[in-house]
Amino acid sequence: MGICKFVSVILIFTLFCLPISIYSLSSTELSEIPTNFLNYAQKPELAKWMVDVRRKIHENPELGFEEFETSKLIREELDEMGIVYKHPIAVTGVIGYVGSGEPPFVALRADMDALPLQEMVEWDYKSKIPGKMHACGHDAHVAMLLGAARILQNHRQELKGTVALFFQPAEEGAGGSKKMIEAGALQNIDAIFALHVTARIRAGSVSTRPGPILAGCGMFEAVISGKGGHAAIPQHTIDPILAASNVVLSLQQLVSREADPLDSQVVTVAKFHGGGAFNVIPDSVTIGGTFRALSKESLVNLMHRIEQVIVAQAAVNRCNATVDFFEDDLYSVTYNNEVLHQHFINVAGDMLGAERVQDMKTIMGSEDFSFFSEQIPGYFFFLGMKNESLRKFETAHSPYFTINEGVLSYGAALHASLATRYLLEFEALSHLSKRNVHDEL
Ligand SMILES: *[C@@H]1O[C@H](CO)[C@@H](O)[C@H](O)[C@H]1NC(C)=O
Ligand SMILES: *[C@@H]1O[C@H](CO)[C@@H](O)[C@H](O)[C@H]1NC(C)=O
Ligand SMILES: [Zn+2]
Ligand SMILES: [Zn+2]
């Protein structure tokens, strides 16, 4: 056997059998970490504490970049645990550090903001702020990351590097992750993980996929101007209602006729305002909506064509149109790194059993986690809450949204296990995942 052949056999062996070949821990010891952490997180003391933290945050919901009390609560809990942190990052953001203080660094992220929505659930810990509610589960995300902080701090001697705990402001449309990146949050971070609760899959299960998991997203608003007048004398007017109606129909042809049927895209007009009387043709109509795609290229292409179609179609009916794309608010595609996907499957499988780690289809919703995962290897997954024997769980952004507090332990243990195992398996994972960073966006 020549030396080259021997080296390549070793290389192949290392690529496929890493867990056995290079760690100081045996593969059995590695695979026991997630179960041990779950047992720890399910102990009544930690589980109940997470529920209490979550309820405190739920009672006092704060909107994007206004999470002052939430941020204070997080810092008090970190102080209590003896975890050092940076604050403020992006107004209210906090980054805690657990472990050796040395590289490698792996980040776990929880978002902190609530929604401008009146809670309709009657329970002891209902939102005390009229018109604001944690209806997306970010209160639970914070509680789970604090739970992970306690698990990690308790096992800090075993951490082969540092875990950075990202408590992020303003996920719901105000660009909190972008601001954290601008503040240097990702410096030295090798990989980042985040989870989102979902009512669509069973409690104790997770769902995810490699590659694009959530869409890139943009918004548009167009003002279509004509010339108002008497509804009975249309020949003296330029009717923007008719022009805007034709615009809405023409926009539907972008996805049906111009997009590759295998490259998922959405154009939705969700807003149509014009007129106020039965017998008056208005001067103008305002329409608005969203567009989604699974690559930057498709997203930018949609944006250009939406503008062209609106302006040109309005002109067919003698109207003028202006289109605003709020370009600062364009969301990137949330892309799951393939190597971190394998890591997740291993860790979650060890904890939950392979049958409770489910594949999912890409969802055309968006997440500002995308801005993290376009800079460094990132991974996003969903944690199920559904349990028919408890009650029906509404989907996110409903005023009837509730959390299955029984799943907080799973989230905390998954966070802690993903980070701990990432640091232990760093040599292999970082080498492979960096090469794999999605460079399209
Ligand atoms: C669902 O709820 C029931 C009743 O509380 C509980 O016994 C069961 O363990 C829950 N299932 C899961 C998967 O959490
Ligand atoms: C459209 O814009 C042109 C150029 O500014 C202007 O002359 C025309 O009156 C406008 N038409 C309407 C319907 O506003
Ligand atoms: Zn949301
Ligand atoms: Zn959310």
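So, how was this worked out
- Residues numbered from 1 in each chain as written.
- Chains lettered and ligands numbered in written order.
- Predicted model: local features only at pLDDT ≥ 70, side-chain atom pairs only at ≥ 80, totals over all residues.
- Helix = DSSP H or I, 4+ residues; strand = E, 2+ residues; numbered from the N terminus.
- Rg over C-alpha atoms; globule rule 2.2 N^0.38 Å.
- Buried ≥ 20, exposed ≤ 12 C-beta atoms within 10 Å, placed from the backbone.
- Near = placed C-beta within 6 Å.
- Nonpolar A, V, L, I, M, F, W, Y, C, P; charged D, E, K, R; others polar.
- UniProt positions renumbered as here; feature names shortened; annotations may be inferred.
- Contact = placed C-beta atoms within 7 Å.
- Core = buried A, V, L, I, M, F, W, Y, C linked by C-beta atoms within 7 Å.
- Domains from an automatic or database assignment.
- Expected span 1.5 Å × (residues − 1).
- Pairing = 2+ DSSP bridges.
- Axes fitted to C-alpha atoms, helices over the stretch in contact; angles between N-to-C directions.
- Parallel < 35°, antiparallel > 145°, perpendicular 65-115°, else oblique.
- Left-handed = near helix turned anticlockwise from the far one by under 90°.

Before going further, it helps to examine the overall build of the protein. When you go through the protein residue by residue, the secondary structure sums to 12 helices and 16 strands. Here the C-alpha radius of gyration of the protein, 25 Å, is about what a compact globule of 441 residues would show, namely 22 Å. With the C-alpha coordinates aligned to their principal axes, the bounding extent of the protein is approximately 85 × 65 × 45 Å. Each of the 441 residues in the protein was classed as buried or not, and the buried ones make up 46%.

A few words on the site of ligand 1. What surrounds ligand 1 is the set Ala 203, Gly 204, Asn 387, Ser 389, Leu 390 and Gly 406. Residue classes in the shell around ligand 1 are distributed as two nonpolar, four polar and no charged.

Let us now look at the UniProt feature "domain: Peptidase M20 dimerisation" (unreviewed entry) in the protein. Using the residue numbers shown here, the UniProt feature "domain: Peptidase M20 dimerisation" (unreviewed entry) corresponds to residues 219-313. Secondary structure across residues 219-313 divides into 39% helix and 33% strand, with the first and last C-alpha atoms of the span separated by 19 Å.

Around ligand 2, a shell composed of Ser 225, Gly 226, Lys 227, Ile 238, Cys 319 and Asn 320 is seen. Classifying every residue of the shell around ligand 2 by side-chain character gives two nonpolar, three polar and one charged.

Here, the residues flagged by UniProt with the feature "binding site: Mn(2+) 1" (unreviewed entry) are His 397. Locating His 397 in the fold gives a position in the loop between β16 (378-386) and α11 (408-424). Setting aside residues up to four positions removed in sequence, His 397 forms contacts with Leu 115, Ala 135 and Cys 136.

Here we take up the nonpolar core. By size, the foremost hydrophobic cluster in this structure holds 116 residues, and its most contacted members are Leu 145, Leu 165, Ile 224 and Ala 413. The leading source of residues in this core is α11, at 11 residues. There are two domains that each give this core at least three residues, and those are domain 1 (25-213 + 333-435) and domain 2 (216-329). The contact partners of Ala 413, leaving out residues within four places of it in the chain, are Pro 34, Phe 37, Leu 38, Ala 41, Ile 151 and Met 351.

Here the focus is helix α7 (residues 240-258). Compared with the 27 Å implied by 1.5 Å per residue over 19 residues, the 26 Å span of α7 between its first and last C-alpha is a close match. Lining the buried residues of α7 we find β8 (216-225), β10 (265-274), β11 (280-281), β12 (284-293) and α8 (296-316).

Overall, antiparallel pairing links the four strands, which are arranged β10-β12-β8-β13 in an open sheet. Looking along the sheet, the strands with just one partner apiece sit at the ends: β10 and β13 (320-324). If you compare each strand with its neighbour and ignore which way they point, the axes differ by 20° on average. As paired strands, β10 and β12 are joined by nine bridges and run antiparallel to one another. Within β12, the position partnered with Phe 272 by the bridge is Ile 287. Packed on one face of the sheet, α7 meets β8, β10 and β12 and runs near 170° to β10.

Bringing the packing of helix α2 (residues 27-42) against helix α9 (residues 338-352) into the picture now. Two elements in contact, α2 and α9, have axes whose closest approach is 8 Å; the angle formed by their N-to-C orientations is 55°. When the axis of α2 is compared with that of α9, the two are oblique. The way α2 lies across α9 gives a crossing that is right-handed. Contacts between α2 and α9 involve Ser 31, Pro 34, Thr 35 and Leu 38 from the former and Val 347, Asp 350 and Met 351 from the latter.

Below, the discussion takes up the domain arrangement of the protein. In terms of domains, the protein is made up of domain 1 (25-213 + 333-435) and domain 2 (216-329). On a C-alpha basis, the centres of domain 1 and domain 2 stand 38 Å from each other. Across the boundary between the two partners, domain 1 contributes seven residues, which contact nine residues of domain 2. Residues of the side of domain 1 that touches domain 2, tallied by class, amount to three nonpolar, four polar and no charged.

Time to look at the environment of Glu 171. With respect to the helices, strands and loops of the structure, Glu 171 is situated in the loop between β4 (162-168) and α6 (176-182). With 23 C-beta atoms counted inside 10 Å, the residue Glu 171 sits in the buried group. For Glu 171 and Leu 63, which are 108 residues apart along the polypeptide, the C-alpha to C-alpha distance reads 9.5 Å. The residues contacting Glu 171, other than those within four sequence positions of it, are Asp 111, Asp 113, His 138, Gly 176 and Asp 368.

One open sheet accounts for eight strands, arranged β1-β2-β4-β3-β5-β16-β6-β15; its pairing is mixed. Every interior strand has two partners, whereas the edge strands, β1 (84-89) and β15 (357-359), have only one. This sheet shows a mean twist of 25° between the axes of neighbouring strands, independent of strand direction. Two elements, strand β3 (residues 105-111) and strand β5 (residues 189-202), share five bridges in a ladder whose sense is parallel. Of the residues in β5, the one forming a bridge with Leu 108 is Phe 193. Of the strands in this sheet, β1, β2 (93-99) and β4 touch helix α4 (residues 68-81), which is tilted by about 15° from β2.

Across the seven residues of β4, seven count as buried, placing the element largely inside the fold. Residues Thr 162, Ala 164, Phe 166 and Gln 168 point to one face of β4 and Val 163, Leu 165 and Phe 167 to the other, with burial holding for every one of them. Two strands pair when backbone bridges link them, and β2 and β4 are joined in this way by six bridges, in the antiparallel orientation. Within the sheet, the bridge partner assigned to Tyr 97 lies in β4 and is Ala 164.

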